[in-house]
Structure formats: C-alpha cells, structure tokens
Amino acid sequence: MSGILNERRAALENLFFAARDQQLLEALKLKAEAQSQLEQLSRASGIDNPQVLEELLASGVAAETMTALSLIPLVQVAWADGTMDDREKEAILSAAAGDGMDEQDPAYQLLEQWLSVSAPPSLLDSWEEYISALVADLSDTAREDLKQNTLERAQRVARATGGFLGLGNKVSVEEQVILDRVEAAFA
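Basis of the calculations
- Residues numbered from 1 in each chain as written.
- Predicted model: local features only at pLDDT ≥ 70, side-chain atom pairs only at ≥ 80, totals over all residues.
- Heavy atoms only, no water.
- Helix = DSSP H or I, 4+ residues; strand = E, 2+ residues; numbered from the N terminus.
- Contact = heavy atoms within 4.5 Å.
- Areas by Shrake-Rupley, 256 points an atom, 1.4 Å probe, with all protein chains shown as cover.
- Buried < 20%, exposed > 50% of the residue type's maximum accessible area, 1.4 Å probe, protein only.
- Axes fitted to C-alpha atoms, helices over the stretch in contact; angles between N-to-C directions.
- Parallel < 35°, antiparallel > 145°, perpendicular 65-115°, else oblique.
- Left-handed = near helix turned anticlockwise from the far one by under 90°.
- Salt bridge = Lys/Arg side-chain N within 4 Å of Asp/Glu carboxyl O.

(A) Region of interest: the overall build of the chain. Along the backbone of the chain there are eight helices and zero strands. Reading the chain from its N terminus to its C terminus gives the helix and strand order α-α-α-α-α-α-α-α. When contacts within the chain are restricted to residue pairs at least 6 apart in sequence, those whose partners lie at least 24 apart make up 66%. Entry remark: accessible area of the chain is about 11100 Å², with carbon and sulfur atoms responsible for 54%.

Structure below.
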C-alpha cells in the first residue's frame, strides 16, 4: 500500500509544483509585458521617471495614446500661423523619430497627413479635454513631468522658425497662443 501511496503523493506534489511553476511563469510574463509597456511609454513620451510612467499606465495611457498626445501640440503649434514651414516639419518628424516611430508606423503616416494638411482646431480642443481629465488623476510630479516634456517639445517646434534673420523672438503670437493653451490644459 505504501508504494501506491508514495506514487499518489509524488503525483500530487508534481501537480502542485507544476501549477505553482505555471503561476510563476505567468507572473514573469506579466512582469515582462509591464516592463515592455513602460519602455514603450517612455519612448513615446520622452519621460524617464518610472513612477510617472507607472501612473500613466495605471490611468490607461498606452504608448499609442501617448504618441498622439505628444504630437498633437507640436502639429498645432506648427500650423498656428496657417502654414507648415520645412524646419517645423523637420522638428516634428525628429520628435516622432525620437518616439521610435518609423515610416511604416500608422501613427507616423497619420502624422505625415497632419503635416501636409492642417488638422482641424477641434483636435486641440479634444486634446485639451483629454489632458485635463488625465492630469486630474496624476500626482503633482507626474503632471509636472508630462507638462514640461510636452511644452519643451512644442516650444522647440515654435522656435524652429521665426525671428528676423534668425534673431529676436522666434515664437510668433499665434504660436504663443497655442503654447499657452497647452500649458493651461495641465492646470
């Protein structure tokens, strides 16, 4: 009888450890997936602070969402005066490349469309509404990091052209209006 009992005990132990191994493997997969999402979100946002990235993920912001969120202000600033300058386009495409986008990426293709034909003003309105709702759930640190990163990139686009012979204030009145709206959305 002890032989059968030992076999059943061994089978039960094997079953238990197989189930436990499966749980551990699933936990490892989830951890790897979460890390991958954090890395993708970091590339899309330019934010390196893990706490901020985790807050954004917890708020439902995926890398794809962040890409759109980060590019809309840039496009709106570039089109603020009604035209798209080559240097503005280059600054935006450089930001997109920094986000890890390439020409095969659907987001890149949408961006190219926005760069050839002005996006509707309602796009910025929608962006402002989304950001206002999003930052209401974020810590002060996360909100400030997201705000600074977004503003710095938009200001780079605004400074890409303008001024007289490359001197003076390179940010036009129209661009400053958009920059002010972007900043206000984070309040």
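(B) Examining the environment of Ala-91 more closely. Looking at the element boundaries, Ala-91 is found in helix α4 (residues 86-98). Using a relative accessible area of 24% as the deciding quantity, one classes Ala-91 as partly exposed. Counting along the chain gives 62 residues from Ala-91 to Arg-153, while the straight-line C-alpha distance between them is 8.8 Å. Each residue touching Ala-91, except ones within four places of it in the same chain, is listed here: Val-157 and Ala-160.

(C) Representation of the packing of helix α3 (residues 63-78) against helix α6 (residues 121-136) within the structure. Their axes nearest at 10 Å, the elements α3 and α6 cross at an angle of 130°. In this view, α3 runs oblique relative to α6, as classed from their interaxial angle. α6 is crossed by α3, and the crossing has left-handed handedness. Residues Thr-65, Leu-69, Ile-72, Pro-73 and Gln-76 of α3 pack against Leu-123, Leu-124, Trp-127, Tyr-130, Ile-131 and Leu-134 of α6.

(D) Representation of the pattern of salt bridges. Counted by the stated rule, this structure contains four salt bridges. Arg-143 is the salt-bridge partner of Asp-140, the closest N and O atoms lying 2.3 Å from each other. Taken together, the positions of Asp-140 and Arg-143, both in helix α7 (residues 140-159) and three residues apart, correspond to about one turn of that helix. Judged by relative accessible area, Arg-143 falls into the partly exposed class, the value being 21%. A salt bridge links Lys-147 to Glu-183, with the shortest nitrogen-to-oxygen separation between them at 3.7 Å.

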